[in-house]
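Below are the chains, spelled out letter by letter.
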Amino acid sequence: MQARRRPANLPRLVPLERQLRRLRAFAAFTYPFACVPFLFPFFAGRGLDPAGYGEILSAYYLAMFVAEVPTGMLADRIGPRWMLVLGPLLLAAGFATLVMWPVYDGFLCGEVLLGLGHSVLSGPPSVVLYELLKAAGAEQRYLAEESRMHSRRLYGTGLSFLLGGLCVRFGNQQLPGGGGGPISDDGYQAAILLTSALCAVAAVLALGVAPPPHRPRDRSRGFVGHVAAELRVPAVRWLCAYWVVLFALLRFPFHDYQPYLMAVDDIEPLLGDAVLIGLLFAALNLVAAPLSSKLPQLVERHGRRPLFWGMPIVLAVSMLVMAGERLLAGDGPGGHGSRALCWLGVAMFFVQQVPFAMHWPLLHEFVNHRIGSAARTTVLSLLSLIARACYAGVNVLLFGLQDARGLGPALATAALGGLAATALVLWLRPRGLLRGDDGVA
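Residues numbered from 1 in each chain as written. Predicted model: local features only at pLDDT ≥ 70, side-chain atom pairs only at ≥ 80, totals over all residues. Heavy atoms only, no water.

Trainee: What's the story with the layout of surface pockets in this structure? I'm lost.
Mentor: Leftover empty space is mapped by rolling, across the atoms, a probe with the size of a water molecule. The volume enclosed by the largest pocket comes to roughly 370 Å³. Mapped onto the lining of the largest pocket, the elements with two or more residues apiece are α2 (39-44), α3 (50-78), α10 (234-264) and α15 (376-405). Residue classes in the lining of the largest pocket are distributed as 11 nonpolar, five polar and three charged. (1 Å grid on protein atoms, 1.4 Å probe; cavity = no way out; pocket = protein on both sides within 12 Å on 5 of 7 lines; lining within 4 Å. Points joined across faces, edges and corners; volume = space filled by probe spheres on them. Helix = DSSP H or I, 4+ residues; strand = E, 2+ residues; numbered from the N terminus. Nonpolar A, V, L, I, M, F, W, Y, C, P; charged D, E, K, R; others polar.)

Below you can see the structure in the form of structure tokens.
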């Protein structure tokens, strides 16, 4: 009996769907940062003051700045799939270093490894997805699939935060003797080592992702020239400026979540509980994840222009609310703060998840539709490089202000400066750039 013939398009669609499932699994383990809500107290418990904390953060961004372009070019040479393996391995090594070498030099080394890992992963996951869809003639699915991948990343990170909170709660116990003696911070170490192990899982999952279709390898001069030509496109240049503003508004409050929680727990002690902090950070991602997956519907209903305006404005206004709470409280228990205002400030963490959920797929869609495949990874890396380099300087200034004047003035300065920069950048955009219904921003 003759076997029934397979439809002509089936051999191509089945492998595509299989690869998409593998990429979704990888996305869930890409950033399993169980320890992130607790790194600040971990460092402080080992003698690192706020100035030192700012220095190791600067080392992290400096490492990303130095490595961003070389890793992007390496991905374009050897293929982005191998970068999906290398990135998580570097992250795993960085987190392990924090525990194995718990002094200032070790923290610097660990943060440098983390910066390298993030730079490796800044473009390749998006490129692998886009190239696989393009090879199947399904580029129009990119925004929906990128939104779905980003949603998986948010779910994975959120659940890992909860695991980290449990590690800290049950690991940081009273040492024998009691009576107000020191508290063991083994829970912090357990959360960091758990993060390292989960990053290693991501590297293993990446080995199951098939490489995207082969792309020609340009010679160095031709390759750099091609990238330079892409960056001369007005839309790409404008996106660089916009990305710098948005990135700064996203990153500064994120780095301040832990200091903010440590500051407000003088008024609201519940906000110092490790499990509650883990639940809080998990809830942030669990709120953002479904919103990210709904982005295509939001674009279809409202268009891109309100979203590009709304993301930085929402971030700035939410920081103004946090600043107001800290200014009223006097950055301590002696001011006019209240528990209700503390919770209002923490509620702004959730408001900030709205633009966080939208920005990744929306901006990557913008880039992927305007850059040729031969240099797409490197251009994405260059955009990230510019944003991180600018933020590294902004970070030093804002945390310096925070060290001298407190959380309130630093948050207010970031918010007001962000609003002014947003208005300028969007006013200078090429006319008609964010209009259209053809799937291109």
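The discussion continues.
Trainee: I keep staring at the nonpolar core and nothing clicks. Help me out?
Mentor: Note that soluble globular proteins tend to have their nonpolar side chains buried in a common cluster. Grouped together as the largest cluster of nonpolar side chains are 112 residues, with contacts concentrated most on Phe43, Trp238, Leu239, Tyr242, Phe252 and Phe349. In terms of residue count, the dominant contributor to this core is α10 (20 residues). Sequence-distant contacts of Tyr242, that is, excluding residues within four places in its chain, are made with Leu307, Phe308, Met311, Pro312, Leu363, Val425 and Leu426. If you look at the next biggest cluster of nonpolar residues, it comprises five residues, including Ala75, Leu90, Leu113 and Val120. (Core = buried A, V, L, I, M, F, W, Y, C linked by side-chain atoms within 4.5 Å. Buried < 20%, exposed > 50% of the residue type's maximum accessible area, 1.4 Å probe, protein only. Contact = heavy atoms within 4.5 Å.)

Trainee: In this structure, what is going on with the pattern of salt bridges? I would like to understand it.
Mentor: Note that side chains of opposite charge can pair when their charged atoms are close. The final tally for this structure, using the stated rule, is six salt bridges. Among the salt bridges present, the one from Glu145 reaches Arg24, with a minimum N-O distance of 3.0 Å. One end of the pair, Glu145, is in helix α7 (residues 142-171); the other, Arg24, is in helix α1 (residues 10-28), with 121 residues separating them in the sequence. Residue Arg24 is classed as buried on the basis of its relative accessible area, which comes to 13%. (Salt bridge = Lys/Arg side-chain N within 4 Å of Asp/Glu carboxyl O.)

Trainee: What is the right way to look at the packing of aromatic side chains in this model?
Mentor: Two descriptors summarise a pair of aromatic rings, namely the distance from one centre to the other and the angle between the planes of the rings. On inspection of all chains with the given rule, the structure shows 21 aromatic pairs. One aromatic cluster in this structure is built from Phe161, Phe254, Tyr257, Tyr260, Phe281 and Phe349. Just above the ring of Tyr260 sits the side chain of Arg326; from NZ or CZ to the centre is 5.8 Å. (Phe/Tyr/Trp six-rings, centres within 6.5 Å; stacked < 30°, edge-to-face > 60°. Lys NZ or Arg CZ within 6 Å of the ring centre and 35° of its normal.)

Trainee: What am I meant to see in the confidence of the model for the chain here?
Mentor: Predicted coordinates in regions of low pLDDT should not be interpreted in detail. The predicted model of the chain averages 80 in pLDDT, with 82% of residues at 70 or higher. Predicted confidence for residues 174-182 stays below pLDDT 50, and this span has six contacts to residues more than four positions away or in other chains. Here residues 437-441 is modelled with pLDDT under 50, and outside its nearest four sequence neighbours on either side it reaches 14 contacts, counting other chains as well. (pLDDT = per-residue confidence, 0-100.)

Trainee: How do you make sense of the packing of α10 against helix α16 (residues 407-427) when you look at a structure like this?
Mentor: For any two helices packed against each other, the geometry is given by the interaxial angle and the distance between the axes. Between α10 and α16, the shortest axis-to-axis distance is 10 Å and the interhelical angle comes to 165°. By the criterion of interaxial angle, the relationship of α10 to α16 is roughly antiparallel. Handedness of the α10/α16 crossing: left-handed. Between α10, through Trp238, Ala241, Tyr242, Val245, Leu249, Phe252, Asp256, Pro259, Tyr260 and Ala263, and α16, the contact on the second element is made entirely by Leu407, Ala410, Leu411, Ala414, Gly418, Ala421, Thr422, Val425 and Leu426. Residue composition of the contact of α10 with α16, by class: 16 nonpolar, two polar and one charged. (Axes fitted to C-alpha atoms, helices over the stretch in contact; angles between N-to-C directions. Parallel < 35°, antiparallel > 145°, perpendicular 65-115°, else oblique. Left-handed = near helix turned anticlockwise from the far one by under 90°.)

Trainee: What is the right way to look at the packing of helix α13 (residues 305-329) against α16 in this model?
Mentor: At a closest axis distance of 8 Å, the pairing of α13 and α16 adopts a crossing angle of 160°. In terms of their interaxial angle, α13 and α16 are classed as roughly antiparallel. Remark: the crossing between α13 and α16 carries left-handed chirality. When α13 is examined against α16, the residues Phe308, Trp309, Pro312, Ile313, Ala316, Met319, Leu320, Met322, Ala323, Arg326 and Leu327 are found in contact with a partner set consisting of Leu407, Gly408, Pro409, Leu411, Ala412, Ala414, Ala415, Leu416, Leu419, Thr422, Ala423 and Leu426. Split into classes, the residues belonging to the contact of α13 with α16 amount to 20 nonpolar, two polar and one charged.

Trainee: Looking at this model, I keep getting lost on the environment of Leu98. Mind explaining?
Mentor: As for its position among the elements, Leu98 is in helix α4 (residues 80-100). Along the backbone, Leu98 and Gly110 are 12 residues apart, and their C-alpha atoms lie at a distance of 5.5 Å. Contact partners of Leu98, with chain neighbours within four places excluded, come to Leu39, Phe42, Phe43, Gly106, Phe107, Gly110 and Ile192.

Trainee: Would you explain the environment of Met262 in this entry?
Mentor: Mapped onto the fold, Met262 is located in helix α10. In this structure the C-alpha to C-alpha distance between Met262 and Phe40, which are 222 residues apart in sequence, comes to 9.5 Å. Look past the residues within four positions of Met262 in its chain and what remains in contact with it is Phe40 and Pro41.

Trainee: Which parts of the structure should I look at to understand a nonpolar patch on the surface?
Mentor: On the surface, a nonpolar cluster with roughly 440 Å² of combined accessible area is contributed by Leu74, Ile78, Trp82, Leu86 and Leu207. Where the nonpolar patch is concerned, the elements lending two or more residues are α3 and α4. With respect to the helices and strands, Leu86 occurs in helix α4. Residue class for Leu86 comes out partly exposed when judged on its relative accessible area of 35%. (Patch = residues over 30% accessible without salt bridge, like charges linked within 9 Å, V, L, I, M, F, W, Y side chains within 5 Å. Areas by Shrake-Rupley, 256 points an atom, 1.4 Å probe, with all protein chains shown as cover.)

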